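Chain by chain, the residues run as shown.
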Amino acid sequence: MTGEPSFFEIGVEDPERGRAFYGELLGWSFVPGPSGHGYVIDTPGFPGGIHGGDPGASPYLFFKVDDLDTALARVIELGGTVEAPIGADSEESDAAFGRFRLCRDDQGSVFGLHQPPGE
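Residues numbered from 1 in each chain as written. Predicted model: local features only at pLDDT ≥ 70, side-chain atom pairs only at ≥ 80, totals over all residues. Heavy atoms only, no water.

1. Concerning the environment of R99
- Relative to the helices and strands, R99 resides in strand β7 (residues 99–104).
- For R99 and D69, which are 30 residues apart along the polypeptide, the C-alpha to C-alpha distance reads 9.9 Å.
- Ignoring any residue separated from it by four or fewer positions in sequence, one finds R99 in contact with L68, D69, D94, L113, H114 and Q115. (Helix = DSSP H or I, 4+ residues; strand = E, 2+ residues; numbered from the N terminus. Contact = heavy atoms within 4.5 Å.)

2. Notes on the pairing of strand β1 (residues 5–11)
- Of all 7 residues that make up β1, 6 are buried, and the element is covered over most of its length.
- Two elements, β1 and strand β5 (residues 60–64), share 4 bridges in a ladder whose sense is antiparallel. Residue pairing across strands places F8 opposite L61, the latter belonging to β5. (Buried < 20%, exposed > 50% of the residue type's maximum accessible area, 1.4 Å probe, protein only. Pairing = 2+ DSSP bridges.)

3. Concerning a nonpolar patch on the surface
- Among the surface-exposed residues, F21, L25 and L26 lie close enough to one another that they form a single nonpolar patch of about 320 Å² accessible area.
- Tracing the chain through its elements places L26 in helix α1 (residues 15–26).
- Classification of L26 by relative accessible area gives partly exposed; the value is 46%. (Patch = residues over 30% accessible without salt bridge, like charges linked within 9 Å, V, L, I, M, F, W, Y side chains within 5 Å. Areas by Shrake-Rupley, 256 points an atom, 1.4 Å probe, with all protein chains shown as cover. Salt bridge = Lys/Arg side-chain N within 4 Å of Asp/Glu carboxyl O.)

4. A few points about the packing of aromatic side chains
- Throughout the structure, instances matching the rule amount to 8 aromatic pairs.
- Ring centres 6.0 Å apart and planes at 80° place the aromatic pair F8 and F46 in the edge-to-face group. Of this pair, F8 sits in strand β1 while F46 sits in the loop between β3 (38–42) and β4 (48–51), and the two are 38 residues apart along the sequence.
- Overall, F8 belongs to the buried group, its relative accessible area being 13%. (Phe/Tyr/Trp six-rings, centres within 6.5 Å; stacked < 30°, edge-to-face > 60°.)

5. Concerning the sheet that holds strand β2 (residues 29–32)
- With mixed pairing, the 8 strands of this open sheet are ordered in space as β2-β3-β4-β1-β5-β8-β7-β6. Only two strands of the sheet have a single neighbouring strand rather than two, namely β2 and β6 (81–82).
- Pairing analysis gives 6 bridges linking β7 to strand β8 (residues 110–115), with the strands arranged antiparallel. Pairing of R104 across the sheet is with V110, part of β8.
- Strands in contact with helix α2 (residues 68–77) are β6, β7 and β8; relative to β7, the strand with the most contacts, it is inclined by about 5°. (Axes fitted to C-alpha atoms, helices over the stretch in contact; angles between N-to-C directions.)

Here you go:
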């Protein structure tokens, strides 16, 4: 269903420290992420990730869309902005995890859009 939360991402300065902190706090397990600079988080709910080089970032919530390109065009039409691509942005990564893009609404609030793999 379009619009439901489908992925979350936590930005930290050091992904190893983030993995240790959130793993101990919440009992999460991690596998290396597609970019090689973070991890995929295995949670009992919906999937997540953690990446480094983003000190003091707030967690990002990604909403599911059926067609990322159409949704990004709609963001712009509605007065929002589209940020630069994130992550590996490769065919291999897209096939495994889907396509992601951070955006800002017309008031500057950050959110993400996610087109899951195979859609």
